[in-house]
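# Close look at the chain arrangement
Chain residues, written in single-letter form:
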Amino acid sequence: MKDKLLTVAKIVITIALIAYSFSRVDLALVGAQLATTRIWLVVLALLVYMGAIALNGLKWWVLLRAQNVSVPLAAAIQYMFVGFFFNNLLPANIGGDVMRGYGMARYTDRTAETAVSVVVDRMVGLFAYMSAAAVASIVVVSVTGRSELRPLVVAAVVALAAIALALAVLLSRRLHALISRLFQLPLLAPMAPLFESVSVAFEAYRFRYRALLLAFLIAMAGLMASNIANWLLFQAEGGGVSLLFISLFNPLIALVLLLPISIGGHGVIQNAYPFFYGLVGVPVTQALATSVLMSFLIILGSLPGAVFWLRNRRLNADEVAVIAPSQP
């Protein structure tokens with residue numbers, strides 16, 4: 001009952017956020033903006049976005065192989081699409097991580113290794129995104145001289161430093177020993193078992209620096225593909241938005257979408273686009289129209305995950321049907 005109430009609450013919040021974003025603009029103007037959309041650019045953006053999902057699957061595959069989990073690249077990509085599909089159905093964007101991890105664990109019978117790979121995959125992705133955001137923010141402020149964007153520089157650098165510190169603590173034995181002392185304090189003592197279990201899980205990647213570097217580079221390539229997909233959507237709505245600004249705002253919006261307050265991040269997207277792009281003078285109607293297209297892209301681009309999930313369920317059901325008669 002608690003889970004159901006939480007899901008209902010997040011559905012309500014999603015609807016409320018969408019309603020709020022549209023209440024601040026003239027709906028006729030947004031409709032007119034969407035009516036001029038160049039569909040071929042949206043289709044191209046969809047293909048690029050699906051390519052970004054596939055690159056995320058490649059990143060995950062590299063991390064799985066670092067733990068000697070033998071799995072075809074195609075399977076890693078398929079389960080990545082499954083994760084993206086469930087991100088659109090579950091209350092938080094991390095829900096899809098559970099589904100792809102569960103599916104891969106059943107596929108490989110390597111539950112522990114798969115679970116660790118999902119966590120590391122998420123953290124490497126965040127590190128790549130915040131690295132790009134920090135660099136882009138510094139370049140944007142330096143090139144354009146927009147002082148109003150300096151708080152974003154601070155936010156990006158702080159987020160990057162926090163993620164880098166977390167990775168360093170988990171991958172470095174010396175830092176782990178040092179931080180472990182903090183969990184002896186009464187206030188942090190209840191969290192000590194969780195810290196230790198996560199740290200032990202990361203042991204598998206402690207000396208896999210080449211795999212981590214390769215995963216980081218693939219994550220950067222996936223981010224660039226996502227940036228280009230966003231740029232194509234803005235082009236479909238009239239253009240005028242620099243890829244440099246998108247390179248700054250896109251990873252920050254991705255970070256905001258991790259907040260578990262709506263279904264699949266929808267609603268949050270419709271408020272984030274006008275806010276961030278409004279900082280550089282993008283009209284709210286264009287930013288909101290582009291956010292609608294982005295939600296459409298996210299949902300449509302993840303639909304192959306539904307096909308893969310249904311197919312895997314059918315295959316599992318067939319296996320049970322074959323095995324069941326032989327059981328005593």
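Everything below is about the structure printed above this text.
Now for a quick tour of the structure.

## Things to note about the overall build of the chain
When helices and strands are counted, the chain shows 14 helices and zero strands. Traced from its N-terminal end to its C-terminal end, the chain shows the element sequence α-α-α-α-α-α-α-α-α-α-α-α-α-α. The C-alpha atoms of the chain give a radius of gyration of 21 Å, which matches the 20 Å a tight globule of 328 residues would have. Its C-alpha atoms give the chain principal-axis dimensions of roughly 65 × 55 × 40 Å. Per-residue burial for the chain yields a buried fraction of 48% across its 328 residues. When contacts within the chain are restricted to residue pairs at least 6 apart in sequence, those whose partners lie at least 24 apart make up 76%. Of the roughly 16200 Å² of accessible surface on the chain, 72% is carried by carbon and sulfur atoms.

## Points about the side chain of R100
Considering the arrangement of structural elements, one finds R100 in helix α5 (residues 95-108). Since its relative accessible area comes to 2%, R100 is described here as buried. Separated by 2.7 Å, the side chains of R100 and D121 make a polar contact. With near-sequence residues (within four places) excluded, R100 lies in contact with W60, Y79, M80, G83, V118 and D121.

## Observations regarding the nonpolar core
Counting 85 residues, the largest nonpolar core has F249, Y277 and L297 as its most contacted members. Per-element tally for this core: the top contributor is helix α6 (residues 111-144), with 14 residues. The contact partners of Y277, leaving out residues within four places of it in the chain, are F234, V241, I246, F249, N250, I253, V282 and A287.

## Some thoughts on helix α12 (residues 268-278)
Residues spaced three or four apart along an α-helix point in a common direction, a consequence of the helix completing one turn every 3.6 residues. Counting buried residues along α12, nine of its eleven residues qualify, which places the element largely inside the surrounding structure. Burial in α12 covers these residues: V268, I269, Q270, N271, A272, Y273, P274, F276 and Y277.

## Some details on the side chain of S302
Note that S302 resides in the loop between α13 (284-301) and α14 (303-323). A polar contact is formed between the side chain of S302 and the backbone oxygen of I298, at a distance of 3.1 Å. Within the structure, S302 has its side chain in polar contact with the backbone oxygen of I299 (distance 2.9 Å). For S302, the contacting residues outside a window of four places in its chain are F81, F84, F85 and N88.

## Some remarks on the packing of aromatic side chains
Inspection of every chain in the model, using the stated rule, returns twelve aromatic pairs. Between the aromatic rings of F81 and F308, the centroid separation amounts to 6.3 Å while the plane-to-plane angle is 70 degrees, which identifies the pairing as edge-to-face. Remark: F308 occurs in helix α14 and F81 occurs in helix α4 (residues 73-87); sequence separation between them is 227 residues. Among the residues examined, F81 registers a relative accessible area of 8% and is labelled buried. Centroid distance Y273 to Y277: 5.5 Å. Interplanar angle 40 degrees. Geometry classified as tilted. Of this pair, Y273 and Y277 are both found in helix α12, four residues apart, which corresponds to roughly one turn of the helix. Site record: aromatic cluster; members linked through ring pairs are F234, F245, F249, Y273, F275, F276 and Y277.

## Regarding the pattern of salt bridges
A complete count under the given rule lists six salt bridges for this structure. The partner of K59 in a salt bridge is D121, with the nearest N and O atoms 2.6 Å apart. With K59 in helix α3 (residues 39-65) and D121 in helix α6, this residue pair connects regions lying 62 residues apart in the sequence. D121 matches K59 in its accessibility class, with the two residues each being buried.

## Describing unusual backbone geometry
Of note, N68 is a non-glycine position whose phi angle comes to about 60 degrees, a positive value. Relative to the helices and strands, N68 resides in the loop between α3 and α4.

## Remarks on the packing of α3 against α13
Interhelical geometry of α3 versus α13 gives an angle of 55 degrees and a closest axis separation of 10 Å. Between α3 and α13, the angle falls in the class oblique. At the point where α3 passes α13, the crossing takes the right-handed sense. The residues of α13 that touch α3, namely those facing V42, A45, L46, Y49, M50 and I53, are L293, M294, F296, L297, I298, L300 and G301. Taken together, the residues that form the contact of α3 with α13 break down as twelve nonpolar, one polar and no charged.

## Comments concerning the environment of G103
Within the secondary structure layout, G103 lies in helix α5. With 20 residues separating them along the chain, G103 and G83 place their C-alpha atoms 9.3 Å apart.

## Some remarks on the packing of α4 against α5
At a closest axis distance of 7 Å, the pairing of α4 and α5 adopts a crossing angle of 145 degrees. For the pair α4 and α5, the sense of crossing is right-handed. Residues A75, A76, Y79, M80, G83, F86 and N87 of α4 form the contact with α5, whose own contacting residues are G95, G96, D97, M99, R100, G103, M104 and Y107. Looking at the contact of α4 with α5, its residues break down into eight nonpolar, five polar and two charged.

The rules we used
- Residues numbered from 1 in each chain as written.
- Predicted model: local features only at pLDDT ≥ 70, side-chain atom pairs only at ≥ 80, totals over all residues.
- Heavy atoms only, no water.
- Helix = DSSP H or I, 4+ residues; strand = E, 2+ residues; numbered from the N terminus.
- Rg over C-alpha atoms; globule rule 2.2 N^0.38 Å.
- Buried < 20%, exposed > 50% of the residue type's maximum accessible area, 1.4 Å probe, protein only.
- Contact = heavy atoms within 4.5 Å.
- Areas by Shrake-Rupley, 256 points an atom, 1.4 Å probe, with all protein chains shown as cover.
- Polar contact = N/O pair within 3.5 Å; in protein donor to acceptor, adjacent residues only side chain to side chain.
- Core = buried A, V, L, I, M, F, W, Y, C linked by side-chain atoms within 4.5 Å.
- Phe/Tyr/Trp six-rings, centres within 6.5 Å; stacked < 30°, edge-to-face > 60°.
- Salt bridge = Lys/Arg side-chain N within 4 Å of Asp/Glu carboxyl O.
- Axes fitted to C-alpha atoms, helices over the stretch in contact; angles between N-to-C directions.
- Parallel < 35°, antiparallel > 145°, perpendicular 65-115°, else oblique.
- Left-handed = near helix turned anticlockwise from the far one by under 90°.
- Nonpolar A, V, L, I, M, F, W, Y, C, P; charged D, E, K, R; others polar.

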